[in-house]
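Chain by chain, the residues:
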Amino acid sequence: QVHVVESGGGLVQAGGSLRLSCTTSRRTFDVIGWFRQAPGKERGFVASINWSSVSSNYADSVEGRFTISRDNDKNTVFLQMNSLEPEETAVYYCNTLRSLYGGPSETWGQGTQVTVSS
């Protein structure tokens, strides 16, 4: 089983940027995805990337502003977030996925808090 640790969250003003990191406990060929959960809302899909980085998938709401990337030598997946909006305040999680379109494992990390101030 692959365990993940998310980092890189913080407080940023609207329009600002953050880069999140997701480090896995071992090398994995799995698709890795990012999700987010705002207070009082369900966890939702943000972006995913396959092992070779050839294919990725984004939620419509972040397309063009967020970029997912992967460094397999470091067992790390990144999420570069630009032009952040206050409604994107949430805890951001990563996980292994069955496909680019979903199917996360049952084990979630602690997540990393992203707060976007207006």
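For the structure itself, look to the data block above.
Cut-offs applied
Residues numbered from 1 in each chain as written. Predicted model: local features only at pLDDT ≥ 70, side-chain atom pairs only at ≥ 80, totals over all residues. Heavy atoms only, no water. Phe/Tyr/Trp six-rings, centres within 6.5 Å; stacked < 30°, edge-to-face > 60°. Helix = DSSP H or I, 4+ residues; strand = E, 2+ residues; numbered from the N terminus. Buried < 20%, exposed > 50% of the residue type's maximum accessible area, 1.4 Å probe, protein only. Pairing = 2+ DSSP bridges. Axes fitted to C-alpha atoms, helices over the stretch in contact; angles between N-to-C directions. Contact = heavy atoms within 4.5 Å. Polar contact = N/O pair within 3.5 Å; in protein donor to acceptor, adjacent residues only side chain to side chain.

Caption draft 1: Looking closely at the packing of aromatic side chains. Under the criterion given, the structure shown has 4 aromatic pairs. With a centroid separation of 5.8 Å and 80° between ring planes, the pair formed by phenylalanine 35 and phenylalanine 45 is classed as edge-to-face. A residue pair is termed long-range when its members are at least 10 positions apart, and phenylalanine 35 in strand E4 (residues 31-37) and phenylalanine 45 in strand E5 (residues 44-49) qualify at 10 residues. Here the aromatic rings of tyrosine 93 and tryptophan 108 are separated by 6.0 Å at their centres, their planes lie at 80°, and the arrangement is edge-to-face.

Caption draft 2: Quick peek at the pairing of E4. Among the 7 residues that make up E4, 6 are buried, leaving the element largely enclosed by the rest of the structure. Relative to strand E9 (residues 90-99), E4 runs antiparallel, the two being bridged by 7 bridges. Bridging from a neighbouring strand, arginine 36 pairs with tyrosine 92 of E9. As defined by bridge partners, E4 adjoins E5 across 5 bridges and the pair is classed as antiparallel. Each bridged residue has a counterpart across the sheet, and for phenylalanine 35 the counterpart in E5 is phenylalanine 45. Count of turn residues in the E4/E5 antiparallel hairpin: 6 residues, of which glycine 40 carries a positive phi of about 75°.

Caption draft 3: Fine view of the sheet that holds strand E3 (residues 18-24). Read from one edge of the open sheet, 4 strands run E1-E3-E8-E7, paired in antiparallel fashion. Looking along the sheet, the strands with just one partner apiece sit at the ends: strand E1 (4-7) and strand E7 (66-71). The mean inter-strand angle of the sheet, taken between neighbouring strand axes irrespective of direction, is 15°. Here E7 runs beside strand E8 (residues 76-81); their pairing, made up of 6 bridges, is antiparallel. Looking at E8, one finds that aspartate 71 is bridged to threonine 76.

Caption draft 4: The environment of proline 86, seen in detail. Among the structural elements, proline 86 can be located in the loop between E8 and E9. Assessed through its relative accessible area of 31%, proline 86 is described here as partly exposed. Residues proline 86 and aspartate 71 lie 15 residues apart in sequence; the distance between their C-alpha atoms is 29 Å. The residues contacting proline 86, other than those within four sequence positions of it, are Ala14, Val116, Ser117 and Ser118.

Caption draft 5: Broad picture of the side chain of threonine 28. With respect to the helices, strands and loops of the structure, threonine 28 is situated in the loop between E3 and E4. Looking at threonine 28, its side chain comes within polar contact range of the side chain of aspartate 30, at 3.0 Å. Setting aside chain neighbours within four positions, we find threonine 28 in contact with Val2, Trp51 and Arg70.

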